[in-house]
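Here's the letter readout for the chains.
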Amino acid sequence: VGNLVYIYLLEEKVNVLVILLSISGLTIANKPCCEVETGMVTCVPLSTTCSNRTQYVFWDMLHPTEVANLIFAGKAYNAQSQSDTYPIDIHHLAQL
């Protein structure tokens, strides 16, 4: 049951990430920045990556790009809503 909850939360965060990042100027959320073989998750070793990586949400089939991680980090540090962090963001935690 614990794994199912984690997977559900991960899927929800990915859905939120795709929505938020499309608003943030990232335009490619439906494919990875690198070549990924069918059934695999990570990039094919030594494959060519995209030239416009600042427009991609995902580096491979699992990992967010640097831009996506910066958005996540910003929301974790200074949450705008409870859906960003709960019960407290890092900024407020550091003030305790």
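Residues numbered from 1 in each chain as written. Predicted model: local features only at pLDDT ≥ 70, side-chain atom pairs only at ≥ 80, totals over all residues. Heavy atoms only, no water.

Visitor: I would appreciate a short explanation of a nonpolar patch on the surface in the present structure.
Guide: Together, V41, M61 and L62 give the surface a local cluster of nonpolar side chains, amounting to about 270 Å² of exposed area. For M61, the position within the fold is in the loop between α1 (2-23) and α2 (66-77). (Patch = residues over 30% accessible without salt bridge, like charges linked within 9 Å, V, L, I, M, F, W, Y side chains within 5 Å. Areas by Shrake-Rupley, 256 points an atom, 1.4 Å probe, with all protein chains shown as cover. Salt bridge = Lys/Arg side-chain N within 4 Å of Asp/Glu carboxyl O. Helix = DSSP H or I, 4+ residues; strand = E, 2+ residues; numbered from the N terminus.)

Visitor: What should I look at first to understand the side chain of T65 in this one?
Guide: Along the chain, T65 turns up in the loop between α1 and α2. T65 sits in the buried class, given a relative accessible area of 4%. With residues near it in sequence (within four places) discarded, T65 still touches R53, Y56, V57, F58 and W59. (Buried < 20%, exposed > 50% of the residue type's maximum accessible area, 1.4 Å probe, protein only. Contact = heavy atoms within 4.5 Å.)

Visitor: I keep staring at the state of the cysteines and nothing clicks. Help me out?
Guide: What we call a disulfide is simply a covalent bond connecting the sulfur atoms of a pair of cysteines. Scanning all chains against the criterion turns up 2 disulfides. Two residues share a disulfide in this structure: C33 and C50, whose sulfurs sit 1.7 Å from each other. Linking C33 and C50, the disulfide has an S-S dihedral of approximately -80 degrees and is accordingly described as left-handed. Of this pair, C33 sits in the loop between α1 and α2 while C50 sits in the loop between α1 and α2, and the two are 17 residues apart along the sequence. Look at C50 and you get buried, because its relative accessible area is 10%. Across the disulfide from C34 sits C43; the S-S distance is 1.9 Å. (Disulfide = S-S within 2.5 Å.)

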